[in-house]
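# Per-entry structural report
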Amino acid sequence: MTIKLSGKIGEYYTEYSLLIIKNEKLLNGPYKRYYTKRQLKDSCFFDRGVKIGKEIFYDKRGRITFINEYIGKSFPRTIITKAFYYSGACRYCEGSMLEEKPGEAYTDGIIKYYWKNMQTMDSVIYEKGEKVYRASFNKKGELEFETRFVKE
């Protein structure tokens, strides 16, 4: 059985559907939260309690601030992340995470940060949530410094 619900939860207005299987309530279908003035705060899609596809976050001006893209339905799976910055030196960031099981993810792979001119600002490599390497670049894309992190 599927139940469509909406209403104020905490400080946000939320719309979602619950799928009930053997007395277990699972989020299923579109999920949307709104700021108090009904501006979209975030949205995603659930399939039997598991987020799939894109999860998108917005600021109060309606601009996208963050995107998580869930690759696949089975675990472990990759989550591609993108962050958008509208002030400060960094304009954009992209990377990936590995989700072992629902809600349990860690950074894995390369995270890149970009200057306003879209030259690489920083590049950080993670292995299972541990930082192993970092390279920092100036606005022209020239290497400023690099660091290797050693596990103790």
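The structure contained in this document is the topic of the report that follows. Just so it is clear, the model here is predicted, and its values are computed rather than measured.

As a further point, take the packing of aromatic side chains. Geometry of an aromatic ring pair is reported as the spacing of the ring centres plus the angle between the planes. Counted by the stated rule, this structure contains seven aromatic pairs. Centroid distance phenylalanine 57 to phenylalanine 66: 6.3 Å. Interplanar angle 70 degrees. Geometry classified as edge-to-face. Put simply, the rings of Tyr16, Tyr31 and Phe46 pair up and form one aromatic cluster. The cationic tip of lysine 41 hangs over the ring face of tyrosine 12; the distance from NZ or CZ to the ring centre is 4.9 Å.

Time to look at the environment of phenylalanine 137. Of note, phenylalanine 137 is situated in strand β13 (residues 130–137). Separated by 29 residues in sequence, phenylalanine 137 and aspartate 108 place their C-alpha atoms 21 Å apart. In this view, phenylalanine 137 contacts Trp115, Thr120, Met121, Asp122, Ser123, Glu142, Leu143 and Glu144; residues no more than four positions away in its chain are not counted.

So, about the pattern of salt bridges. This structure, assessed with the given rule, holds seven salt bridges. For aspartate 47, the salt bridge is made with lysine 73, and the minimal N-O distance between the two is 2.9 Å. Highlighted residues: aspartate 47 in strand β5 (residues 40–47) and lysine 73 in the loop between β7 (64–71) and β8 (77–84), separated in sequence by 26 residues. For the salt bridge of arginine 134 with aspartate 122, the shortest nitrogen-to-oxygen distance reads 2.9 Å. Here the residue arginine 134 occupies a position in strand β13, and aspartate 122 occupies one in strand β12 (residues 120–127), the gap between them amounting to twelve residues. You can call aspartate 122 buried: its relative accessible area is 11%.

Parameters and conventions
- Residues numbered from 1 in each chain as written.
- Predicted model: local features only at pLDDT ≥ 70, side-chain atom pairs only at ≥ 80, totals over all residues.
- Heavy atoms only, no water.
- Phe/Tyr/Trp six-rings, centres within 6.5 Å; stacked < 30°, edge-to-face > 60°.
- Lys NZ or Arg CZ within 6 Å of the ring centre and 35° of its normal.
- Helix = DSSP H or I, 4+ residues; strand = E, 2+ residues; numbered from the N terminus.
- Contact = heavy atoms within 4.5 Å.
- Salt bridge = Lys/Arg side-chain N within 4 Å of Asp/Glu carboxyl O.
- Buried < 20%, exposed > 50% of the residue type's maximum accessible area, 1.4 Å probe, protein only.

As far as function goes, none of this settles anything; it's purely spatial.
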